[in-house]
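Reading the structure
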Amino acid sequence: MVNLAVVCPVMTGARDVAIVGAGLLGLAAARVLTARGRDVVVLEQAHIGHAGAGSKGSCRIFRLGYPDPGYVAAARRAGELWRDLEAESGRQLRWPTPQLTFGPGVGDVQRALQAAGAPGELLPAAAVAARFPAVRVGGPALLEPESAVLAADLTLEVVAARAGEIRTGVRVLGLADDGRQVTLHTAAGPLTARTAIVTAGPWSRGLFAPLGVSVPTTPTLEQVGYLTPIATGQGSGPGGTPIFICHDDQAPYGLPVPGSPLYKIGIHTSGRGTDPDAQDQSPDRELLGRLSRVAARLLPGYDPEPTATERCVYDNTPDEDFIVDRIGNVVIGCGTSGHGFKFGPLLGEWLADLATGATHLPDPRLRGRFAVGRFASRA
Ligand SMILES: Cc1cc2nc3c(=O)[nH]c(=O)nc-3n(C[C@H](O)[C@H](O)[C@H](O)COP(=O)(O)OP(=O)(O)OC[C@H]3O[C@@H](n4cnc5c(N)ncnc54)[C@H](O)[C@@H]3O)c2cc1C
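Residues numbered from 1 in each chain as written. Predicted model: local features only at pLDDT ≥ 70, side-chain atom pairs only at ≥ 80, totals over all residues. Heavy atoms only, no water.

**Notes on the packing of aromatic side chains**
Two numbers describe a pair of aromatic rings. These are the distance of the centres and the angle of the planes. Worth spelling out the cut-off: Aromatic pairs are defined between Phe, Tyr and Trp rings, using the six-membered ring for Trp, whenever the two ring centres lie within 6.5 Å; interplanar angles under 30 degrees are classed as stacked, those over 60 as edge-to-face, and all others as tilted. Charge-over-ring contacts are defined here by two conditions on Lys NZ or Arg CZ: a distance within 6 Å of the ring centre and an angle within 35 degrees of the ring normal.
The tally for this structure, following the rule as stated, stands at 12 aromatic pairs. Connected via pairs of aromatic rings, a cluster forms that spans Tyr 66, Tyr 71, Phe 322, Phe 343, Trp 350 and Phe 370. The ring of Tyr 66 has Arg 63 sitting right over it, with the charged end atom 4.2 Å from the ring centre.

**With respect to the packing of helix H3 (residues 24–35) against helix H7 (residues 152–160)**
What counts here: Structural elements are reduced to axes, namely lines fitted to C-alpha atoms, with helices fitted over the stretch in contact, and the angle between N-to-C directions of any two is expressed from 0 to 180 degrees. Per the convention used, a helix needs a DSSP run of H or I reaching at least four residues, while a strand needs a run of E reaching at least two, with both numbered from the N terminus. Note on angle classes: values under 35 degrees are labelled roughly parallel, values over 145 roughly antiparallel, values of 65 to 115 roughly perpendicular, and the remainder oblique. Here is the rule for handedness: rotate from the far helix to the near one, and if that takes an anticlockwise turn smaller than a right angle the crossing is left-handed, while a clockwise turn gives right-handed. By definition, residues are in contact when any of their heavy atoms lie within 4.5 Å.
At a minimum axis separation of 9 Å, H3 and H7 run at an interaxial angle of 30 degrees. One finds that H3 runs roughly parallel with respect to H7. The element H3 and its partner H7 pack so that their crossing is left-handed. Each of Leu 24, Leu 27, Ala 28 and Arg 31 in H3 lies in contact with H7, whose residues at this interface are Thr 155, Leu 156, Val 159 and Ala 160.

**Looking at the sheet that holds strand E3 (residues 59–62)**
Formally: Pairing between strands is defined by DSSP: at least two bridges between the two strands are required.
Overall, antiparallel pairing links the three strands, which are arranged E3-E8-E4 in an open sheet. Every other strand in the sheet has two partners, leaving E3 and strand E4 (94–96) as the edge strands with one partner each. Shown here is a sheet whose adjacent strand axes are inclined to one another by a mean of 30 degrees, direction ignored. By the bridge criterion, three bridges tie E4 to strand E8 (residues 148–151) in an arrangement that is antiparallel. Residue pairing for E8: Trp 95 is matched across the bridge by Val 149.

**Things to note about the environment of Ala 22**
Counted only if it meets this: The classification of residues rests on relative accessible area computed with a 1.4 Å probe and restricted to protein chains. Under 20% of the type maximum is buried, over 50% is exposed, and intermediate values are partly exposed.
The residue Ala 22 is located in the loop between strand E1 (15–20) and H3 in this model. Classification of Ala 22 as buried rests on a relative accessible area of 3%. Along the chain, Ala 22 and Leu 43 lie 21 residues apart, while their C-alpha atoms are 6.9 Å from each other. Not counting chain neighbours up to four residues away, the residues in contact with Ala 22 comprise Leu 27, Val 42, Leu 43, Glu 44 and Ile 48.

**Looking at the pairing of E8**
Because side chains alternate across E8, one face comprises the buried residues Ala 148 and Leu 150, and the other comprises Val 149 and Ala 151, equally buried. Pairing of E3 with E8 involves four bridges; the strand directions are antiparallel. Paired with Arg 60 across the two strands is Leu 150, which belongs to E8.

**Notes on the confidence of the model for the chain**
We apply this condition: Scored from 0 to 100, pLDDT records how confident the predictor is in each individual residue.
Predicted confidence across the chain gives a mean pLDDT of 93, with 94% of residues reaching 70 or more. Confidence drops under a pLDDT of 50 for residues 1–11, and excluding neighbours within four residues, the segment shows 12 contacts in the predicted structure. In this model, residues 234–239 is a region of pLDDT below 50 whose contacts with residues beyond four sequence positions or in other chains number 17 contacts.

**Points about the pattern of salt bridges**
As a reminder, the rule being used: We define a salt bridge as a side-chain nitrogen of Lys or Arg found within 4 Å of a carboxyl oxygen belonging to Asp or Glu.
For the structure on display, the rule yields 18 salt bridges. Two residues, Arg 94 and Glu 86, come together in a salt bridge whose shortest N-O distance is 2.8 Å. Measuring nitrogen to oxygen at the nearest pair gives 2.8 Å for the salt bridge that ties Asp 108 to Arg 111. Of the two residues, Asp 108 and Arg 111 are both situated in helix H5 (residues 106–115); the distance of three residues between them amounts to about one turn of the helix. Residue classification places Arg 111 among the exposed positions, given a relative accessible area of 52%.

**Quick notes on helix H4 (residues 69–89)**
Test applied: What a helix should span is 1.5 Å times the count of its residues minus one. Distance and chemistry together define a polar contact, namely a pair of N or O atoms within 3.5 Å, with one atom able to donate a hydrogen and the other to accept it when in protein, and with adjacent residues in sequence counting only for side-chain atoms on both sides.
Between its first and last C-alpha atoms H4 spans 30 Å; for 21 residues at 1.5 Å apiece the expected length is 30 Å, and the two agree. Among all positions of H4, only Gly 70, Tyr 71, Val 72, Ala 74, Ala 75, Ala 78, Gly 79, Leu 81, Trp 82, Leu 85 and Glu 86 are buried. A side-chain oxygen of the first residue of H4 lies 2.7 Å from the backbone nitrogen of Gly 70; this N-cap is Asp 68. Gly 90 occupies a position one or two residues after H4 and carries a positive phi of about 70 degrees.

**Describing the nonpolar core**
Spelled out, the test is: As used in this record, nonpolar core signifies buried Ala, Val, Leu, Ile, Met, Phe, Trp, Tyr and Cys residues forming a set joined through side-chain atoms within 4.5 Å. For each domain, the first and last residues come from an automatic or database assignment.
Ile 19, Ile 197, Val 324, Phe 343 and Trp 350 are the most contacted members of the largest nonpolar core, which totals 57 residues. Residue assignment for this core shows that the elements contributing at least two residues are E1, H3, strand E2 (40–44), H4, H5, E8, H7 and helix H10 (344–355). No other element matches H4, which puts eight residues into this core. Built from parts of two domains, this core gets at least three residues from each of domain 1 (4–53 + 155–214 + 319–378) and domain 2 (98–146 + 218–316).

Set out below in structure tokens:
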């Protein structure tokens, strides 16, 4: 079917905001702008939550614990927005779940939580073993009481329901900003908007290169595994197993899957580089072996061989800080480096603010830090 609005943009005139990409960031920005009465259209090359998108999958970790007070404060604000989203939609998106944070980097996380006035209790090894036998920490751990498991698929559905017009199967091939408005070129014809927001994950880099804007992100194809409890009623399973993050040089993490006995594990930034348009979604045997070894070491209540695996793309910046900025009439939100989901509603607000005239992010600690130009100034 021919989409007249795309073929004949003159019929509709310029939109207020056109958003490229219906991952969590694009949808969250669209939801905020729609609530503010803006005329918004989201263009998505595939469909929401498709196999190649970074936002797909069952669940994500929400945590306050970062080794940096600026991120802790941002996560607290995001937590308030998650609660608002749940209240507004009437759907449970967060499953409050205690988190154990351990490993050599835990002191930095504890200090940042304290500096930001956020809760976190350092438990000695014996207390960890007694209270959380499902994770074999073997040492002290920071208990993060405000962590939660986020229902990722359901979040996309809930946010998309109030995100204005979403056109799927429409790939933006290029952008042109003439200083007055932005033209987005698609196979079906051009579309114009006063402002564009590019939240195209690892595809963002390619859209900015012809505009002379360097976005030095590199995609990696990660792999997570789903573990099955060996037996129920022995402290294993979602009821008894906390979230964990180990801050060592491997950085393994795990979380219970909401509404399921399965436990999801991963190793942060362990995947190889990939072309986002040619992702090989088949299981990686070497990564599978690493996941099994993490499970055997840390999770005694689970079969260490994952019953299922899933590939998912990270959109990495060199410093793992996000890119949230505005260049002319084009706003950019990408480079979430495998930790952007928890900030989704907050990033949506920031992107919407930038699209409607704000010149910088509200938190002074994070301003220059998320600028796209920070990499050029370091070179
Ligand atoms: C395995 C894994 C585990 C993770 N765990 C956590 C976690 O526990 N906690 C956490 O906070 N975060 C986590 N993350 C990170 C989080 O999921 C991502 O940061 C976030 O979902 C990225 O969202 P996005 O909207 O930027 O990108 P995406 O979801 O990738 O969305 C980009 C969209 O843009 C579309 N697009 C691209 N180019 C075009 C174009 N030219 N035209 C039209 N559409 C286009 C794409 O099709 C895609 O749908 C994890 C990520 C992975 C992969």
